[in-house]
There are 2 protein chains.
Amino acid sequence: MPSSNPSSIKLALIQHSCNEQREQNLKLIEQRLRSAADQGAELVLLQELHNSRYFCQTEETRFFDLAESIPGPSTELFSALAAELELVIVTSLFEKRAAGIYHNTAVVFDADGRLAGKYRKMHIPDDPGFYEKFYFTPGDLGFTPIDTRVGRLGVLVCWDQWYPEAARLMTLAGAELLLYPTAIGWDPADDPAEQQRQLDAWTTVQRGHAVANGLPLAACNRTGTEPDPSRQTEGIHFWGRSFICGPQGEMLARAGEDEEILLADIDLRRGEAVRRIWPFLRDRRIEAFGDLKRRYIDQES
Amino acid sequence: MPSSNPSSIKLALIQHSCNEQREQNLKLIEQRLRSAADQGAELVLLQELHNSRYFCQTEETRFFDLAESIPGPSTELFSALAAELELVIVTSLFEKRAAGIYHNTAVVFDADGRLAGKYRKMHIPDDPGFYEKFYFTPGDLGFTPIDTRVGRLGVLVCWDQWYPEAARLMTLAGAELLLYPTAIGWDPADDPAEQQRQLDAWTTVQRGHAVANGLPLAACNRTGTEPDPSRQTEGIHFWGRSFICGPQGEMLARAGEDEEILLADIDLRRGEAVRRIWPFLRDRRIEAFGDLKRRYIDQES
């Protein structure tokens, strides 16, 4: 662990809606970063693909124009803001690595503006309204935490949030905090009971990662309704509800559906205290875990 | 999957307190099994080590006298009850395998009385009041589901409930339902806020397994306060709160702290419907999961 690691950090999540104008989205994010810094934040987590509307509702080649190189214009902007505001910032960008190779990439800036590291989304969804397999090449950087002044950050992205393996691998590599930029919402055609089950499941599985790993966790989700560019569906109603929980999954702060800067103080020492009473990592039956590398264990019939 | 698999099953959990008299505990369980069958149950899950008090509060060699062979007197009794009542029964026994080799073993009886299979608790805890590493040799049967008339059961035991790996391996091996006999409670010396966090964490992490794997799940916990045989502590206040949830982690039934037969109908088809909208198993990055077999990924300093 970094020796400069503070015992407590103030974390801010910026939950907002996006429109079609990149410059307007960036202006809004810059304003909120300044506001978060004014409120004492030391670490800011942005939502997934915050520079644009969620373009994966349809498969259209023109949307690849939204991608940019890393480093590139966005990293220059966020690097400058991180240095000026002395903030560690976790961003989420549409990365153009080469013609035909694009990634959904979280880029972390340390509080001096240094590009501290990046994480390329490993698990890529594909279901109606979320056609990400068309746009994003699966990440090839593995599950590697990123060291910053505020600690070693286990940054994962959206669909990763459903995978206990991703959270565990970040934990085993020394992450002190799990962070998820995300963009998830309801299909307006689903009934209210199904919508509530989905929201609860999303919250529960991530709080479960916090518990299983004895780590604080935060998920920053977008909000607002975005129309389907193909006009085939009613679009997506992003549900907001960003949250920050502690290492027993206990809620520290939770947003509603509206735009919000969500703040919480996180005591990084509490994770170790919890692991002392619940030493799950001690007892893992690693010699019996080989089949976790299998897709499925087919039965002989 | 077994071809005789019904689409919906009625599951009962028998949550009770235990006293020092084995025969009284067995008599109570038999009464409740009959009651569950009268109420239409097809599958009954008992709590962990239901034949006795939770003897692991201290380390005393005399408690090994509670262990018995499998098959043995308990399996004879439960086999006969399963056949008579046409119930699939998941029991939890203290197994004597040999002098010096004892296991915490779940034994499953099919509705014709056949011993359908057993699972030896893989993850063994050891923390104040729960000195299980003294009593139980870690299981050596792996994470193998057990086929019964009501489906393929992924039976795990207590401390396993904190391990996403255990639930995932049962899922990959075709489990249709995750079942946890358990014995967990509060240290009366903890403050109410910590007690609530522990109960919530226990519930949340297991609901998270249901979500991550798209499977229904049930945990049957003991209740009642049991004194510390060594009189060094205030004992354990087992918190009850057995529950049954669906494949989105949605609560189907939940017990309070008192003794109860908890019933719920489980639709085994819903898991597949949920996996169609949330195809997590499709996208696991198995080629990047090798480090799950490591204890920890040590950093070079």
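Residues numbered from 1 in each chain as written. Chains lettered and ligands numbered in written order. Predicted model: local features only at pLDDT ≥ 70, side-chain atom pairs only at ≥ 80, totals over all residues. Heavy atoms only, no water.

Trainee: Sorry, what's going on with the relation of the copies chain B and chain A here?
Mentor: Look at the two chain copies: a rotation about an axis and a shift along it is all it takes to match them. Note on the copies: chain B fits chain A at an RMSD of 0.0 Å, the axial shift is 0.0 Å, and the rotation between them is 180°. In short, the pair behaves as if placed about a two-fold rotation axis. Considering only C-alpha atoms, the residue of chain B closest to the rotation axis is G208 of chain B, which sits at 2.6 Å. The share of interface residues of chain B whose copies in chain A are also at the interface is 100%, consistent with both copies meeting through the same surface. (Least-squares fit on C-alpha atoms with pLDDT ≥ 70 in both. Contact = heavy atoms within 4.5 Å.)

Trainee: Explain the packing of helix α1 (residues 22-38) of chain A against helix α2 (residues 73-85) of chain A to me, please; I cannot follow it from the model alone.
Mentor: The angle between the axes and the distance between the axes are what describe a pair of packed helices. All names here are of chain A. Relative orientation of the contacting elements α1 and α2 amounts to 15°, with a least axis distance of 11 Å. When the axis of α1 is compared with that of α2, the two are roughly parallel. The crossing of α1 and α2 is right-handed. Along its contact with α1, which presents R22, L26, I29, E30, L33, R34 and A37, the element α2 presents P73, S74, L77, F78, L81, E84 and L85. Tallied by class, residues from the contact of α1 with α2 come to nine nonpolar, one polar and four charged. (Axes fitted to C-alpha atoms, helices over the stretch in contact; angles between N-to-C directions. Helix = DSSP H or I, 4+ residues; strand = E, 2+ residues; numbered from the N terminus. Parallel < 35°, antiparallel > 145°, perpendicular 65-115°, else oblique. Left-handed = near helix turned anticlockwise from the far one by under 90°. Nonpolar A, V, L, I, M, F, W, Y, C, P; charged D, E, K, R; others polar.)

Trainee: Looking at this model, I keep getting lost on the sheet that holds strand β11 (residues 223-226) of chain B. Mind explaining?
Mentor: Residue and element names in this part refer to chain B. Taken in spatial order, the three strands of this open sheet run β9-β12-β11, and their pairing is antiparallel. For this open sheet the edge positions go to β9 (185-186) and β11, each flanked by a neighbour on one side alone. Bridge count between β11 and strand β12 (residues 236-239): four bridges; the pairing is antiparallel. In the strand pairing of β12, G224 is matched with F238. (Pairing = 2+ DSSP bridges.)

Trainee: Can you help me understand the sheet that holds strand β12 (residues 236-239) of chain A in this one?
Mentor: Backbone hydrogen bonds are what pair the strands of a sheet, in a parallel or an antiparallel way. Taking strand neighbours across the sheet as the criterion, the three strands line up as β9-β12-β11 (chain A) in an open arrangement whose pairing is antiparallel. Each of the sheet's edge strands pairs with one partner strand only, and the pair in question is β9 (185-186) and β11 (223-226) of chain A.

Trainee: For this particular structure, what's the right way to read the interface of chain B and chain A?
Mentor: It is common to report an interface's size as the accessible area lost on association of the parts. Counting residues at the interface gives 57 residues for chain B and 57 residues for chain A. Of the roughly 5,600 Å² buried between chain B and chain A, counting both surfaces, carbon and sulfur atoms make up 60%. Among the residues of chain B in contact with chain A, R285, L292 and R295 of chain B are the three that bury the most area, contributing 12% of the side total. Run the count over chain B and chain A and you get six salt bridges. Residues E165 of chain A and R168 of chain B are paired through a salt bridge, measuring 2.7 Å at the closest nitrogen-oxygen approach. If you look at where chain B meets chain A, you find 32 residue pairs in polar contact (both at pLDDT 80 or more). Looking at the side of chain B that touches chain A, the elements with two or more residues in it are α4 (164-172), α5 (192-213) and α6 (270-277) of chain B. (Buried area = accessible area lost by both parts, 1.4 Å probe. Salt bridge = Lys/Arg side-chain N within 4 Å of Asp/Glu carboxyl O. Polar contact = N/O pair within 3.5 Å; in protein donor to acceptor, adjacent residues only side chain to side chain.)

Trainee: Honestly, the state of the cysteines in this entry has me stumped. Any pointers?
Mentor: A covalent bond between the sulfur atoms of two cysteines is what we call a disulfide. Residue and element names in this part refer to chain A. By the definition in use, this model includes zero disulfides over all chains. In this structure C56 is a free cysteine whose sulfur lies 9.5 Å from that of C158, the closest cysteine sulfur available. C220 takes part in no disulfide bond, and the closest cysteine sulfur, belonging to C18, lies 10 Å away. C220 gets classed as buried once you look at its relative accessible area, which sits at 0%. (Disulfide = S-S within 2.5 Å. Buried < 20%, exposed > 50% of the residue type's maximum accessible area, 1.4 Å probe, protein only.)

Trainee: Would you take a moment to explain the side chain of E250 of chain B for this structure?
Mentor: Mapped onto the elements, E250 of chain B comes out in the loop between β13 (243-245) and β14 (251-254). Judged by its relative accessible area of 14%, E250 of chain B falls in the buried class. Not counting residues within four places of it along the chain, the set of residues in contact with E250 of chain B comprises R197 of chain A together with I244, C245 and R270 of chain B.

Trainee: What is the right way to look at the pattern of salt bridges in this model?
Mentor: Oppositely charged side chains are able to pair whenever their charged atoms sit close together. Residue and element names in this part refer to chain A. All chains considered together, the criterion is met by 54 salt bridges over all chains. With its nearest N and O atoms 3.1 Å apart, the salt bridge here joins R34 to E30. Residue R34 and its partner E30 are located together in helix α1, separated by four residues, close to a single helical turn. Among the salt bridges present, the one from R32 reaches E259, with a minimum N-O distance of 2.9 Å. Residue R32 is found in helix α1, and its partner E259 is found in the loop between β14 (251-254) and β15 (260-267); the two are separated by 227 residues along the sequence. Taking relative accessible area as the criterion, E259 reaches 33% and is therefore assigned partly exposed. Salt bridges sharing common partners tie together E95, R97, K118, R120 and D140.

Trainee: Please explain the confidence of the model for chain A as it appears in this structure.
Mentor: As a general rule, the predicted coordinates of low-pLDDT regions are not to be interpreted in detail. Scored by pLDDT, chain A has a mean of 96; 98% of the residues are at 70 or more. As a predicted assembly, this complex carries a pTM of 0.96 together with an ipTM value of 0.96. (pLDDT = per-residue confidence, 0-100.)

Trainee: How do you make sense of the packing of aromatic side chains when you look at a structure like this?
Mentor: Scanning all chains against the criterion turns up 50 aromatic pairs over all chains. For the pair F289 of chain A and F143 of chain B, a centre-to-centre distance of 6.4 Å together with 40° between the ring planes defines the contact as tilted. Placement of the pair is F289 of chain A in the segment after α7 (280-283) and F143 of chain B in the loop between α3 (132-135) and β6 (146-148), with the two residues belonging to separate chains. Each member of the pair, F289 of chain A as well as F143 of chain B, is classed as buried. Among the aromatic residues, those joined into a ring-pair cluster are F55, F63, F64, F94, Y102, F134, Y135 and F136 of chain A. (Phe/Tyr/Trp six-rings, centres within 6.5 Å; stacked < 30°, edge-to-face > 60°.)

Trainee: Hey, could you run me through α5 of chain B in this one?
Mentor: In an α-helix, one full turn covers 3.6 residues, which means residues spaced three or four apart are oriented alike. Residue and element names in this part refer to chain B. Between its first and last C-alpha atoms α5 spans 32 Å; for 22 residues at 1.5 Å apiece the expected length is 32 Å, and the two agree. Of all 22 residues that make up α5, 17 are buried, and the element is covered over most of its length. Of the residues that open α5, the one with a side-chain oxygen 3.0 Å from the backbone nitrogen of A193 is D191. One or two residues past the end of α5 sits G214, with phi positive at roughly 60°. (Expected span 1.5 Å × (residues − 1).)

Trainee: Teacher, can you tell me more about unusual backbone geometry here?
Mentor: Negative phi characterises most residues that are not glycine, and trans characterises most peptide bonds. All names here are of chain A. For the peptide bond that leads from I70 to P71, omega is 0°, which places it in the cis range. Of note, P71 is situated in the loop between β2 (43-46) and α2. Of note in the backbone geometry, L49 takes a positive phi value of approximately 50° without being a glycine. The topology assignment puts L49 in the loop between β2 and α2. In this structure, R241 is a non-glycine residue whose phi angle is positive, near 60°. Structurally, R241 can be placed in the loop between β12 and β13 (243-245).

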